[in-house]
Amino acid sequence: MKKLLIFISGLALACSLPIGVTANTKQFSDVSTQYFAEAVYDLAERNIIGGYADGTFKPENSITRGQAAAIIVKC
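Residues numbered from 1 in each chain as written. Predicted model: local features only at pLDDT ≥ 70, side-chain atom pairs only at ≥ 80, totals over all residues. Heavy atoms only, no water.

Student: Can you explain the overall build of the chain? Please cite residues and give values.
Tutor: Along the chain, the regular secondary structure elements total three helices and zero strands. Listing each helix as α and each strand as β along the chain from the N terminus yields α-α-α. When the 75 residues of the chain are sorted by exposure, 31% land in the buried category. As displayed, the chain has an accessible area near 4,800 Å², and 57% of this comes from carbon and sulfur atoms. (Helix = DSSP H or I, 4+ residues; strand = E, 2+ residues; numbered from the N terminus. Buried < 20%, exposed > 50% of the residue type's maximum accessible area, 1.4 Å probe, protein only. Areas by Shrake-Rupley, 256 points an atom, 1.4 Å probe, with all protein chains shown as cover.)

Structure, rendered in structure tokens:
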């Protein structure tokens, strides 16, 4: 989880995107109260990252190189 959170935080900085959610059209049932929720929702709103079909983000899961590459390309 720590690696994913560091990756997401770094990605927000690398993309030069200000973190600040204006309208949450995507909601993840497992992210709502965590300290990293704002960064996750900001990147989700910009279609850089997404969640799972069941409405979760699963921050405890690791990401693959392919998923990381796709996120970097979208950025």
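Student: So what's going on with the pattern of salt bridges? Which residues, and what values?
Tutor: Throughout the structure, instances matching the rule amount to two salt bridges. A salt bridge links Arg 46 to Asp 42; its shortest N-O distance comes to 3.4 Å. Among the residues examined, Arg 46 registers a relative accessible area of 36% and is labelled partly exposed. Asp 54 serves as the salt-bridge partner of Lys 58, at 4.0 Å between the closest nitrogen and oxygen. Residue class for Lys 58 comes out partly exposed when judged on its relative accessible area of 30%. Residue Asp 54 is classed as exposed on the basis of its relative accessible area, which comes to 52%. (Salt bridge = Lys/Arg side-chain N within 4 Å of Asp/Glu carboxyl O.)

Student: An account of the side chain of Thr 56 is needed here, citing residue identities and associated values.
Tutor: Residue position: Thr 56 is located in the loop between helix H2 (37-45) and helix H3 (65-74). A distance of 2.6 Å separates the side chain of Thr 56 from the side chain of Asp 54, its partner in a polar contact. For Thr 56, the residues in contact, after removing those within four places along its chain, are Phe 28, Ser 29, Asp 30 and Gly 51. (Polar contact = N/O pair within 3.5 Å; in protein donor to acceptor, adjacent residues only side chain to side chain. Contact = heavy atoms within 4.5 Å.)

Student: How would you explain unusual backbone geometry if you had to name every residue and give the values?
Tutor: The backbone phi angle of Asn 47 is positive, close to 55 degrees, even though this residue is not glycine. Position of Asn 47 among the secondary structure elements: in the loop between H2 and H3. Of note, the phi angle at Lys 58 is positive, near 55 degrees, even though the residue is not glycine. With respect to the helices and strands, Lys 58 occurs in the loop between H2 and H3.

Student: Please give an account of H2 that cites residues and values.
Tutor: In terms of burial, H2 is a largely internal element, seven of the nine residues being buried. Buried residues of H2: Ala 37, Ala 39, Val 40, Tyr 41, Asp 42, Leu 43 and Ala 44, and no others. Of the residues one or two after H2, Asn 47 is the one with positive phi, at around 55 degrees.

What is shown is where atoms sit, not what they do.
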